[in-house]
Amino acid sequence: MTKTGTIVVCPLSQVERLCGEWGVRRVLTLIGNPELAITPDGVTDHLVIHVHDIVAVDGEQILADVAHVQQVIDFARAWDGEAPMLVHCFAGISRSTASAFIVACVRQPDRDEGEIAEEIRAASVTATPNRHLVALADQLLQRDGRMVDAIASIGAGELAAEGVPFTLAVG
């Protein structure tokens, strides 16, 4: 199954299966332990960003910074959209959904951020995009708080140990 301009969002446990099913060639991984990152067969471009799922400094954990989010933005801009991009974190709930939101905003610069956030909520009851990643992207993309407000408007998703995979069309 291949669909132009599709972002597939999932937890680590579903990466290999979904890459195969969707014909994914590009993977964005945001994970606290980069040794867990896998590059499935057929993937030709894999960016691993070593960050934890936190929104403020917390001991030894790595808080995302502007450079990490710029990597997400650059990865989105370099995507030709021909084959789906898979975005994942460990649970598929917070870092991955924030990054998918960022990619969608980059790929659709004239689309209302609130519409994109609502699409994420409609696709996933568990999505709880990491507010810190979104805030950094909002600054870098000069969205004047619209990305932050859009994510705040959908609220936190349902509690879950692992998110249910979903897709976003960015076309």
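Our subject is the structure that appears above.
Presented here is an overview of the structure given in this document. Just so it is clear, the model here is predicted, and its values are computed rather than measured. (Residues numbered from 1 in each chain as written. Predicted model: local features only at pLDDT ≥ 70, side-chain atom pairs only at ≥ 80, totals over all residues. Heavy atoms only, no water.)

## Thoughts on the nonpolar core
Inference 1: Counting residues in each nonpolar core, the largest one holds 40 residues, and the members touching the most others are Ile7, Leu28, Leu30, Phe101, Ile102 and Met147.
Inference 2: At eight residues, the largest contribution of residues to this core is made by helix H3 (residues 95-107).
Inference 3: Of all hydrophobic cores here, the second largest spans 12 residues; its members include Leu12, Trp22, Val24 and Val27. (Core = buried A, V, L, I, M, F, W, Y, C linked by side-chain atoms within 4.5 Å. Buried < 20%, exposed > 50% of the residue type's maximum accessible area, 1.4 Å probe, protein only. Helix = DSSP H or I, 4+ residues; strand = E, 2+ residues; numbered from the N terminus.)

## Let's talk about the pattern of salt bridges
Inference 1: Considering all chains together, one arrives at seven salt bridges under this definition.
Inference 2: Where Arg143 meets Glu113, a salt bridge forms, and the shortest distance between an N and an O atom there is 2.9 Å. Here Glu113 lies in helix H4 (residues 113-123) and Arg143 lies in the loop between helix H5 (131-140) and helix H6 (146-154), a separation of 30 residues in the sequence. Accessibility classification places Arg143 together with Glu113 in one group, the buried group.
Inference 3: One salt bridge connects Asp144 with Arg146, and the closest N-O pair in it is separated by 3.8 Å.
Inference 4: For Asp144, a relative accessible area of 68% translates into the label exposed.
Inference 5: Taken together, the shared-partner salt bridges connect Glu113, Arg143, Asp144 and Arg146 into one network. (Salt bridge = Lys/Arg side-chain N within 4 Å of Asp/Glu carboxyl O.)

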